[in-house]
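The primary structure of each chain is shown beneath.
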Amino acid sequence: MALDDSRLAATKPNLRIRLEEPGDIPQLHALVEAAFGRAGEADLLDRLRDEGALLLSHVALLDDELVGQAAYSLVNVDDGAQVNHFPALGPIAVSPARQRQGIGSALVWAGMAAMRAAGHGLLFLVGHRTYYPRFGFVPALPLGFGSDYVQPGGAHEHFMVAALDDETVGSARGHVRFHSAFADAEA
């Protein structure tokens, strides 16, 4: 599903999504920290960037004010015989004063379109189980994907995957490992 520019323009005509630029970094750190109410996710974003693990980072600007960010990094999907690599969304943040205005949705749609255009077939995330299904995300465990974010017999609906093409869905399975910075961000 591509970003619907006409719908976005009708709701937020002054919203622009672009790639992160070096001058954005200090502001992004503060924005992500404010959005999550703690430094963990902001530090995660910095570490992904510093270690060259940031596949893509979009920023949202409303009237030239930086109001949102969405980051993508690669995960390893190990099926026991081979390891495949797919993108994962996270962290994604919107300035607390600008939440619930469609900015996060615009960032997700833009990222999904970019990941599809880059030839990726799946997109993973760990997130809110009722927010992300609107973008096509479904629980990953029933599709054959495990993760350190899913404990045996525990809740799993927060660990999700979206199909970006029809061919990859049935061809990939295995344990999904996020970059080590994700585990450190939760500590």
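Residues numbered from 1 in each chain as written. Predicted model: local features only at pLDDT ≥ 70, side-chain atom pairs only at ≥ 80, totals over all residues. Heavy atoms only, no water.

### Looking at the pairing of strand 3 (residues 65-78)
Condition: Burial classification: accessible surface area is computed with a 1.4 Å probe over protein chains only, and a residue below 20% of its type maximum counts as buried, one above 50% as exposed, and the rest as partly exposed. Helix numbering and strand numbering both begin at the N terminus, where a helix is a DSSP run of H or I of at least 4 residues and a strand a DSSP run of E of at least 2. By this definition, two strands are paired if DSSP reports at least two bridges between them.
For strand 3, the tally of buried residues reaches ten of 14 residues, placing the bulk of the element in the interior. Looking at chain direction, strand 2 (residues 54-62) and strand 3 are connected through eight bridges and run antiparallel. If you follow alanine 60 over to strand 3, its bridge partner there is glycine 68. Linkage of strand 2 to strand 3, two consecutive antiparallel strands, is achieved through a turn of two residues, within which aspartate 63 is found at a positive phi near 50 degrees. Relative to strand 4 (residues 83-94), strand 3 runs antiparallel, the two sharing ten bridges. Residue asparagine 76 lies in a different strand from strand 4, and its bridge partner there is histidine 85. Between strand 3 and strand 4, which pair antiparallel in sequence order, lie four residues; one of them, glycine 80, sits at a positive phi of approximately 95 degrees.

### Some thoughts on the packing of helix 2 (residues 25-36) against helix 3 (residues 40-50)
Short version of the rule: Axis geometry follows a simple rule: fit a line to the C-alpha atoms, using only the stretch in contact for helices, then measure angles between N-to-C directions, giving values from 0 to 180 degrees. When checking whether two residues touch, look at their non-hydrogen atoms; a contact exists if any pair is within 4.5 Å. Classes in brief: Ala, Val, Leu, Ile, Met, Phe, Trp, Tyr, Cys and Pro nonpolar; Asp, Glu, Lys and Arg charged; the others, Gly included, polar.
Where helix 2 meets helix 3, the closest approach of the two axes is 7 Å, and the angle between their N-to-C directions is 145 degrees. Where helix 2 approaches helix 3, its residues Ile25, Leu28, His29, Val32, Glu33 and Phe36 are matched on the opposing element by Glu41, Ala42, Asp43, Leu45, Asp46 and Arg49. Its residues assigned to classes, the contact of helix 2 with helix 3 comprises six nonpolar, one polar and five charged.

### Some words on the packing of aromatic side chains
Condition: Each pair of aromatic rings taken from Phe, Tyr and Trp, with Trp reduced to its six-membered ring, is defined by centres within 6.5 Å and is described as stacked if the planes are under 30 degrees apart, edge-to-face if over 60, and tilted in the remaining cases.
The final tally for this structure, using the stated rule, is ten aromatic pairs. Ring centres of phenylalanine 124 and phenylalanine 159 lie 6.1 Å apart, and the angle between their planes is 15 degrees; this geometry places the pair in the stacked category. Of this pair, phenylalanine 124 sits in strand 5 (residues 122-126) while phenylalanine 159 sits in strand 8 (residues 159-163), and the two are 35 residues apart along the sequence. Overall, the relative accessible area of 0% leaves phenylalanine 159 in the buried class. Where tyrosine 132 meets phenylalanine 137, the ring centres are 5.9 Å apart and the plane angle is 80 degrees; that geometry is what we call edge-to-face. The same class applies to tyrosine 132 as to phenylalanine 137, namely buried. The structure contains a cluster of three or more aromatic residues connected by ring pairs, namely Trp109, Tyr131, Tyr132, Phe135 and Phe137.

Everything listed here is a matter of geometry and, on its own, says nothing about what the molecule does.
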